[in-house]
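# Commentary on secondary and tertiary structure
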Amino acid sequence: MKSWGEALWRSASANFSRVGRLRRALLLLAAAACTAAAVLYWRQQTDDSAHRPLHSMFAGVEPQWSWICRNDRCERLLASETNVLQSLPTCNMLCASTQLWPQPTGPVSLATAAIRVRSSGLSLQVLASPSRDVTEHLNDAFILMRDDLKTLEKSAAIENRRSDSATRDVLVRVTVNGTGDPRMRQDTDESYKLALRPAGKSLVVDITAHSFCGARHGFETLSQLIWLDPYAGSLLILEAATIDDGPKFRYRGLLLDTARNYFPVSDILRTIDAMGASKMNTFHWHVSDSQSFPLRLQSAPQLAQHGAYGPGAVYTTDDVRAIVRKARLRGIRVLIEVDAPAHVGRAWTWGPGAGLGHLAHCVELEPWSTYCGEPPCGQLNPRNPHVYSLLERIYAEIIQLTGVDDIFHLGGDEVSERCWAQHFNDTDPMELWFEFTRRAMLALEKANGGKAPDLTFLWSSRLTHTPYLERLDKKRYGVQVWGSSRWPESRAVLDAGYRSVLSHVDAWYLDCGFGSWRDSSDGHCGPYRSWQQIYEHRPWIEEIPSVATGVEPWRVEGGAACQWTEQLGSGGLDARVWPRTAALAERLWSDRVEGATADVYLRLDTQRSRLLAKGIHAAPLWPRWCSHNPHACL
Amino acid sequence: MVHKMWRHKLFLNIIYLFIILQCVNTAEDHPAWNWKCEDGKCSKTKHDQQSPEPALSLEACKLFCNEFGLLWPRPTGNTDLGRFLSKININNIEIQIEKRGRSDDLMNAAGQRFKQLVSKAVPKGVTPKTTGKSVYVYLVNNNPDVTDFSLDFDESYTLRVSPESTERINATIFGNNFFGIRHGMETLSQLIVFDDIRNHLLIARDVTIDDKPVYPYRGILLDTARNYYSVESIKATIEAMAAVKLNTFHWHITDSQSFPFVSSRRPELTKYGAYGPSKVYPAAALREVVRFGRERGVRVLPEFDAPAHVGEGWQDSGLTVCFKAEPWASYCVEPPCGQLNPTKEELYNYLEDIYKDMAEVFDTDLFHMGGDEVSERCWNSSQQIQQFMLENRWGLDRASYLKLWNYFQTKAQDRAYKAFGKRLPLILWTSTLTEFSHVENFLNKDDYIIQVWTTGVDPQIKGLLEKGYRLIMSNYDALYFDCGYGAWVGSGNNWCSPYIGWQKVYENSPMQMAQEYSNQVLGGEAALWSEQADSATLDARLWPRAAALAERLWAEPDTTWHHAEARMLHLRERLVRLGIQPESIEPEWCYQNEGYCYA
């Protein structure tokens, strides 16, 4: 009896490291005991189909290999050498690793037996919900998850599919006790609890959370407990599980620049799907830059008219709404950044014709290297009041489109002092910049119904250095730090106590390592950042808590991977971003102390195959041989 | 010479632009932007409706604003694109084959493909106007019975476009075989552009091009063993290769990680060696790829890598040593290890069967026998091999293991000739066996072509050339497209980092490496090793960098990448229209604003 219990249960390597370790262990034991009792009870009642080895379900081409879990590893054996025929995904799911991505932060216990299910057998019951809005979101998010499973199910080869054998229904019961607002907000509690167990002839999954987003993360985890067995040609689910989970950082983002090169809406929707699969919560949309302005706003249509690459390269407000809608169901906020005052271009050249004067200076001025970081140049005219009323309209429409009113991004990087100095030689350009930022903030406040967002981001820049940094109100401004983690100024922002999102160029810039696009040198930020480097970057452990020096505690909101697109077009997007961004997702969700250990390779490899099944062309980690022979390449 | 002429023509062109526009101008839609050719560059300007000057679309501007217009690779002979554009009717394109012969099927297929290429010039969802002239394409093939690839075949062609009447344009392509004619149609398709201002197809009206490649071997290697690629993705690669006149798809179809090639004589190799029952290349699929390639002037060259780089699939044969040996770093360069045991006579029957299977489906004029990265420590780990060495009165030192390798290669060579039924040229990778100090003791220069994968400054190159060997250049510092990503074993980035930009590929000149021996260089090849790539990443890894190689090998230009940049940016757009998903190399802004994205 005892040995059976031990074989059935395994405790995952969840995060026990800190205080409360003992308490958690006890909780885990209690949970394990309860569920084991339930499973035992259920097992006595079932017909023997549950004990039938999986190979009896197999009805297709003869598989060559069988994977058997030995010493916590899936070993590949010739099918003829073993009497148990088990596919690699099934072995992976039932062996030592949780196969969950990101790894949950609380206790996890998973059964080592599987049951056949069908996507159509999943149903949702909302037990408690704080608002109709949340209920509707739960229903729609559940349908999305079921559709994903349906896609997975369909990918099984037809000849392998068997329709006759029994599957179990899965009833998902959700309880949300907390906010009635389904949006991902600064204060959203994303934690959730999941308990899966057999009940009568079906399975019951209980998900409890404090927000829609938390419950949705529960759906995501549930979908990771379901997989396609290629030998059986059907979906399997673990027969029992309990998971207690919540993120370590509340801002987990991916930036996509759609201005250097245009990406169709379908690419963005796919990216949102992939983000949701790894529980990321912020799609930072760098929508405009000096090269193009593809966002066709109703409040300022001239910008896209003059700034888009062409008629096929624009985002309409309907496009944005579709993206926001999909993102919301995936627990993701869409943070649109219209970068200013630098990084503007031809989109802003229609001012004189419309009687608004020069909205921008230095647009496409030559030689560009004197006035900006890359061609073409362009900066807003800080002395033209029409600029600020335009910004107010832009900001208002963005807030209205995205529904994100507690966080905002003003851009604000790489301002050229020389550009402004040419036009305003009476004022220190840094003062102009500061003044611009102040007035842009004012415009934002007006756009947001007279209330400044809780957190408004600026990129790290000269403005976020001493002596200008101190003039920015900590209660309002946050800094997205893109400088190298080794630069003193990157650290200074944190030491000064500003809320920050980290995007260190030396770790989390996904565009690096592809050579220069303007000459044949190796490029400005090479080399390539591997997923391991991304995963192992934990800059916050360098915080030196100090009471004496006046250094404030760090306030790291989270991090974001940045995909700038000077050298990326639509085709290469998935492979460039995935699975590397999934590595960041686990860093920010779980923040495990360990680096890229063997278990991380195996779990990320599985996550990559989940992405592929969702139609995301993620790059492979290694030769497939290494997936077939876990640990042999490590 | 050509350059000086070009300078003179530049002035004329600016003047003639007005004339061009007379041919296309009709006051219709009012686009936001149009382009003007100034000083050899197309510049984007706001469309002024009041202007008497007719508006020129981006592509129409680029077609004449540059010595080689939108052509890629640039022609090597006389090139005159004329000065006039004519509206043509996409529904009235007629292809006439002047001489009939065994290549008729190929000619017909290539004609169909030409029509498809023309239709792909039109953006999706747009229906061009069907007014305009008809186009008659005459294909004059001097040897209509030639259908086979060879290293000394003639890929040259001549293209003439001229107006026949007010209703009709004639385009005539002369070639000495199907392959030359095919290249001519490829070029012709690049002279047809879509005018998005007037919603019309246009063709350059008065064209003379004489063209032929500098090197006969222009290839891409794809490794389908480390990770599997779908047959569709391979066909898409060949489609793009044809668009830039690359002519060899080198298929590294097996390795120690997997054996997806379906061997009909030794099915257990595939059964145990493939990643799964669906991850295989059966004979029917291979024949289809070979046919697809031939219609596009691309030979499909099989490689069976041996005696190293084997493993999966051979489990039951008893013919390998050190398969999956640990620690792998002692016996090979990446997991899993595995080498054939040359002392087993049965091995050569296996090899002959594999070669026969390959001969049947690939129908090739060349064969690649691999031969890289053989580990003497691996062989030396086998008691049985040690005993064989001693029985032959060889030692157990490096020189003796070269003898063993040579023993293997000699026997494998005989079996290859037997299997293919001819003494076809064989290709081997550079290795310790091919070191110029002793290569002639092992490999006859008339039998073997050596593919160089070390750096472009390796003294081996000159050494081998001096001894008379023919070379194919795949120097990893410019032509390994897998470089620059994270390491998949160990930490940091992969061994051949950094990433190689298209500029470096473009300037990687075999002629500079070979100097006075350049006639012994057959060409070059970009390699995509697939430890970290599969169907998902294929297009972006290969393109548009492989196109940079294509122009280098077709034309050996004496100019730098700067002169090719504008055309390269257009070529990338063209690949997108062909359904390829190439890497973007610059913001689209640079494509629309020539000459501003300098360093």
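Residues numbered from 1 in each chain as written. Chains lettered and ligands numbered in written order. Predicted model: local features only at pLDDT ≥ 70, side-chain atom pairs only at ≥ 80, totals over all residues. Heavy atoms only, no water.

## Focus on the pairing of strand β9 (residues 200–204) of chain B
All names here are of chain B.
- β9 sits mainly inside the fold: five of its five residues count as buried.
- Bridge count between strand β4 (residues 85–97) and β9: four bridges; the pairing is antiparallel. Looking across to β9, one finds that Leu85 is bridged to Ala204.
- Across four bridges, strand β8 (residues 192–195) lies against β9 in antiparallel orientation. Among the inter-strand pairings, Asp195 is bridged to a residue of β9, identified as His200.
- Where β8 folds back onto β9 in an antiparallel hairpin, the turn is made up of four residues, including Asn199, whose phi is positive at roughly 60°. (Buried < 20%, exposed > 50% of the residue type's maximum accessible area, 1.4 Å probe, protein only. Helix = DSSP H or I, 4+ residues; strand = E, 2+ residues; numbered from the N terminus. Pairing = 2+ DSSP bridges.)

## Concerning the sheet that holds strand β3 (residues 79–80) of chain B
Residues and elements named next belong to chain B.
- With mixed pairing, the eight strands of this open sheet are ordered in space as β3-β10-β6-β7-β5-β4-β9-β8. Whereas interior strands pair on both sides, the edge strands pair on one side only; in this sheet they are β3 and β8.
- Relative to strand β7 (residues 168–175), strand β5 (residues 133–141) runs parallel, the two sharing eight bridges. In the strand pairing of β7, Tyr138 is matched with Thr172.
- Its contacts with the sheet place helix α4 (residues 178–189) against β5, β6 (157–165), β7, β8, β9 and β10 (207–211), and it is angled at close to 50° to β6. (Contact = heavy atoms within 4.5 Å. Axes fitted to C-alpha atoms, helices over the stretch in contact; angles between N-to-C directions.)

## A closer look at the side chain of Thr559(B)
- Within the element layout of this structure, Thr559(B) appears in the loop between α17 (545–555) and α18 (565–577).
- Within the local environment of Thr559(B), its side chain forms a polar contact with the side chain of Arg74(B), the two groups lying 3.3 Å apart. (Polar contact = N/O pair within 3.5 Å; in protein donor to acceptor, adjacent residues only side chain to side chain.)

## Re the interface of chain A and chain B
- Counting from both sides, the interface comprises 60 residues of chain A and, opposite them, 58 residues of chain B.
- For the pair chain A and chain B, the summed buried area comes to about 4,800 Å², and 54% of that belongs to carbon and sulfur atoms.
- Counting across the chain A and chain B interface gives three salt bridges.
- One salt bridge in this structure joins Arg76(A) and Glu312(B), with 2.6 Å as the shortest N-O distance.
- Put simply, chain A and chain B have 25 residue pairs in polar contact (both at pLDDT 80 or more) between them.
- Listing elements by their share of the side of chain A that touches chain B, those giving two or more residues are β3 (73–78), α7 (302–307), α15 (531–536), α16 (573–577), α18 (598–613) and α19 (624–628) of chain A.
- By residue number, the principal contributor to the side of chain A that touches chain B is α19(A), which donates four residues.
- A class-by-class count of the residues in the side of chain A that touches chain B yields 28 nonpolar, 20 polar and twelve charged. (Buried area = accessible area lost by both parts, 1.4 Å probe. Salt bridge = Lys/Arg side-chain N within 4 Å of Asp/Glu carboxyl O. Nonpolar A, V, L, I, M, F, W, Y, C, P; charged D, E, K, R; others polar.)

## Digging into the state of the cysteines
- The full count for this structure, using the stated rule, is twelve disulfides over all chains.
- Disulfide partner of Cys362(A): Cys419(A), at an S-S distance of 2.0 Å. Looking along the S-S bond of the Cys362(A)-Cys419(A) disulfide, the torsion reads about 100°, which is the right-handed sense. Of the two residues, Cys362(A) sits in the loop between β15 (360–361) and α9 (368–371) while Cys419(A) sits in helix α11 (residues 417–423), which places them 57 residues apart along the sequence.
- A relative accessible area of 8% places Cys362(A) in the buried class.
- Residue Cys419(A) is classed as buried on the basis of its relative accessible area of 0%.
- A disulfide bridge connects Cys37(B) with Cys65(B), and the sulfur atoms are separated by 2.0 Å. When the S-S torsion is 85°, as for the bridge of Cys37(B) with Cys65(B), the disulfide is right-handed. Of this pair, Cys37(B) sits in strand β1 (residues 33–38) while Cys65(B) sits in the loop between α2 (58–64) and β3; the two residues are 28 residues apart in sequence, bridging distant segments of the chain. Summarising the burial analysis for this pair, Cys37(B) and Cys65(B) share the class buried. (Disulfide = S-S within 2.5 Å.)

## Points about the domain arrangement of chain A
Residue and element names in this part refer to chain A.
- According to the domain assignment, chain A consists of domain 1 (103–245) and domain 2 (251–596).
- Measuring from the centre of the C-alpha atoms in domain 1 to the corresponding centre in domain 2 gives 35 Å.
- The interface formed by domain 1 and domain 2 includes five salt bridges.
- A salt bridge links Glu190 to Arg252, with the nearest nitrogen and oxygen atoms 2.6 Å apart.
- Viewed at the interface, domain 2 and domain 1 are joined by 16 residue pairs in polar contact (both at pLDDT 80 or more).
- Where the side of domain 1 that touches domain 2 is concerned, the elements lending two or more residues are α4 (132–154) and α5 (212–224).
- Residue contributions to the side of domain 1 that touches domain 2 peak at seven residues, all from α5. (Domains from an automatic or database assignment.)

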